[in-house]
Amino acid sequence: MNKSELMSIIEQYGLRPNKKLGQNFLVSNAVLDKIINIIGISSDDRVLEIGPGLGALTGRMVEVAEGVTAVEIDSGLYRYCAERFRGKNNIRLIHADFLKLDLADTFTKFVSNLPYYCSSEILFRITRYSAPHVYVTLQKEMADRIIAGPGNKTYGALSVTLGFYYQPTILFGVSRESFYPRPEVASSLVRLVRRRRLPLSGGDIDIFHMVVKSAFWGRRKTILKALSESPHLQAGREGAARSLAAARIDGGRRGEDLTLDEFVSLAEACRDLRGEQLT
Ligand code: SAM
């Protein structure tokens, strides 16, 4: 779909791109081809797409995939897609806010040109699903945050959390001109490959999330102070000091300098401390 085709559809259907819902539609067929080629949809893929919009990616995926589930929040776009894909029996359109949905965990690929206003919430939420491959177009700055390592000023809860679940790669940049309306900043296509074995399991994962939130809640604080005072963990100073000692982490360091492995060790130490408190 190029820009003039898109303009005629939005006029015909009385649609208006809604900035608040992050509606920037892909209007470069060259970029669309590049994305579709790299995603490599096959006939046994069950795809989850967030925000099909006018169906640029959806239309191409539905030609090949076993099934596409597309979740669209906007009623006008949902109606347009329902009409466009009427008669296709391998597509399920859902009119909903993805952030409020709990879908069965049956997908093989997750694909989205993410709405910018809630990209990080969506990324945190997709970690609940075990789809092996995730392909997302997002703001270049956020893509850089995802792959940042310790000590980098953009390293944060998003980098550590996504690193826990996935191996991330920036595949290529996408210019502002590839979208209509043109967004304020450039984008990148990112691939996240799900780790076959997560570093922790069960309730330890919840503790890991609390530790990461605490560490970056007090980004400028030492890790000892951040853990002691964080409302997310409530470890107290003595508990925090003991957990850090057990994980062999100097309490004078900052969360932004800790590696993923150190966060994992710290979560294990916090779990042991909780166990002791319970006995
Ligand atoms: N996939 C289309 C494309 O590439 O041209 C549209 C992408 S546009 C950047 C983001 C889409 O996500 C819009 O259609 C928007 O209405 C939809 N959207 C925004 N927030 C959403 C949410 N919370 N749940 C589901 N869809 C959402």
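Calculation notes
Residues numbered from 1 in each chain as written. Predicted model: local features only at pLDDT ≥ 70, side-chain atom pairs only at ≥ 80, totals over all residues. Heavy atoms only, no water. Pairing = 2+ DSSP bridges. Helix = DSSP H or I, 4+ residues; strand = E, 2+ residues; numbered from the N terminus. Axes fitted to C-alpha atoms, helices over the stretch in contact; angles between N-to-C directions. Contact = heavy atoms within 4.5 Å. Near = heavy atom within 4 Å. Polar contact = N/O pair within 3.5 Å; in protein donor to acceptor, adjacent residues only side chain to side chain. Areas by Shrake-Rupley, 256 points an atom, 1.4 Å probe, with all protein chains shown as cover. 1 Å grid on protein atoms, 1.4 Å probe; cavity = no way out; pocket = protein on both sides within 12 Å on 5 of 7 lines; lining within 4 Å. Sits in = over half its atoms within 2 Å of the grid points. Nonpolar A, V, L, I, M, F, W, Y, C, P; charged D, E, K, R; others polar. Buried < 20%, exposed > 50% of the residue type's maximum accessible area, 1.4 Å probe, protein only. Right-handed = clockwise from strand over helix to strand, strands pointing away. Core = buried A, V, L, I, M, F, W, Y, C linked by side-chain atoms within 4.5 Å. Domains from an automatic or database assignment. Buried area = accessible area lost by both parts, 1.4 Å probe. Salt bridge = Lys/Arg side-chain N within 4 Å of Asp/Glu carboxyl O. Phe/Tyr/Trp six-rings, centres within 6.5 Å; stacked < 30°, edge-to-face > 60°. Lys NZ or Arg CZ within 6 Å of the ring centre and 35° of its normal.

A.B. asks: So what's going on with the sheet that holds strand β4 (residues 91-95)? Residues and values would help.
C.D. replies: As summarised here, the arrangement of the 7 strands in space is β4-β3-β2-β5-β6-β9-β7, forming an open sheet in which the pairing is mixed. Strands with a single pairing partner mark the edges of an open sheet, and in this sheet they are β4 and β7 (166-174). The sheet shows a mean angle of 20 degrees between the axes of neighbouring strands, taken without regard to direction. The sheet contact formed by strand β6 (residues 133-139) and strand β9 (residues 187-194) spans 7 bridges and is antiparallel. Across the sheet, valine 134 pairs through a bridge with leucine 192, a residue of β9. Against the sheet, helix α4 (residues 75-84) touches β3 (67-72) and β4, its axis set at about 160 degrees to β4.

A.B. asks: With reference to specific residues and values, describe the site of the ligand.
C.D. replies: In the vicinity of the ligand there are 23 residues, among which Gly51, Glu72, Asp97, Asn113 and Tyr117 approach most closely. Taking aspartate 97, its side chain carries an N or O atom lying 2.8 Å from a nitrogen atom of the ligand. Contact with the protein chains covers 99% of the free accessible surface of the ligand, which is 600 Å². With respect to the detected pockets, the ligand is housed in the largest cavity. Put simply, the parts of the chain that give the shell around the ligand at least two residues each are β1 (25-26), β2 (46-50) and β3. By residue class, the composition of the shell around the ligand is 13 nonpolar, 6 polar and 4 charged.

A.B. asks: Could you give an account of the pairing of β2, naming the residues involved and the relevant values?
C.D. replies: The element β2 is largely enclosed, with a buried count of 4 among its 5 residues. Between β2 and its parallel partner β3, the chain crosses via helix α3 (residues 56-62), and the hand of that crossover is right-handed.

A.B. asks: Describe the nonpolar core, with residues and values.
C.D. replies: Ranked by size, the top nonpolar core spans 58 residues in total, and within it Phe98, Leu123, Ile126, Phe208 and Phe263 carry the most contacts. For this core, the two domains that each supply at least three residues are domain 1 (3-194) and domain 2 (203-273). Sequence-distant contacts of isoleucine 126, that is, excluding residues within four places in its chain, are made with Ile50, Phe98, Phe110, Val134, Tyr166, Leu192 and Arg194. With 34 residues, the next largest nonpolar core counts Leu15, Tyr80, Phe85 and Ile91 among its residues.

A.B. asks: Report on unusual backbone geometry, specifying residues and quantitative values.
C.D. replies: With an omega of -15 degrees, the peptide bond running from tyrosine 180 to proline 181 counts as cis. Mapped onto the fold, proline 181 is located in the loop between β8 (179-180) and β9. Its identity as a non-glycine residue notwithstanding, arginine 248 has a phi of 55 degrees, on the positive side. Counting through the fold element by element, arginine 248 comes out in the loop between α10 (236-246) and α11 (260-278).

A.B. asks: Can you break down the pairing of strand β5 (residues 109-113) residue by residue, with the values?
C.D. replies: Among the 5 residues in β5, 5 count as buried, and that is most of the element. Across the two faces of β5 the burial is the same, with Lys109, Val111 and Asn113 and Phe110 and Ser112 all buried. As defined by bridge partners, β2 adjoins β5 across 3 bridges and the pair is classed as parallel. Bridge pairing in β5 links glutamate 49 to valine 111. Note on the crossover from β5 through helix α5 (residues 119-126) to β6: the handedness is right-handed.

A.B. asks: How would you explain the domain arrangement of the chain if you had to name every residue and give the values?
C.D. replies: Here the chain is described as being made up of domain 1 (3-194) and domain 2 (203-273). With 13 residues of domain 1 at the interface, the matching set in domain 2 holds 14 residues. It is Tyr155, Val160 and Phe164 that lose the most area in domain 1 upon contact with domain 2, and together they represent 50% of the buried surface on that side. At the junction of domain 1 with domain 2, the criterion picks out 0 salt bridges. Viewed at the interface, domain 2 and domain 1 are joined by 3 residue pairs in polar contact (both at pLDDT 80 or more). Taken together, the residues that form the side of domain 1 that touches domain 2 break down as 6 nonpolar, 6 polar and 1 charged.

A.B. asks: Lay out the packing of aromatic side chains with the relevant residues and their values.
C.D. replies: The description of two aromatic rings rests on the distance between their centres and on the angle between their planes. Using the criterion set out here, one finds 9 aromatic pairs in the structure. Aromatic side chains phenylalanine 98 and phenylalanine 110 sit 6.3 Å apart centroid to centroid with 55 degrees between the ring planes, which places their arrangement in the tilted category. Of this pair, phenylalanine 98 sits in the loop between β4 and β5 while phenylalanine 110 is found in strand β5, placing the two residues 12 residues apart along the sequence. Pair check on accessibility: phenylalanine 98 and phenylalanine 110 agree, each one buried. Arranged with centres 6.3 Å apart and planes meeting at 45 degrees, the rings of tyrosine 165 and tyrosine 166 form a pair that is tilted. Judged by its relative accessible area of 6%, tyrosine 165 falls in the buried class. A relative accessible area of 0% means that tyrosine 166 is categorised as buried. What links up through ring pairs into an aromatic cluster is the set Phe98, Phe107, Phe110 and Tyr129. The aromatic ring of phenylalanine 172 is capped on one face by lysine 34, whose charged end is 4.2 Å from the ring centroid.

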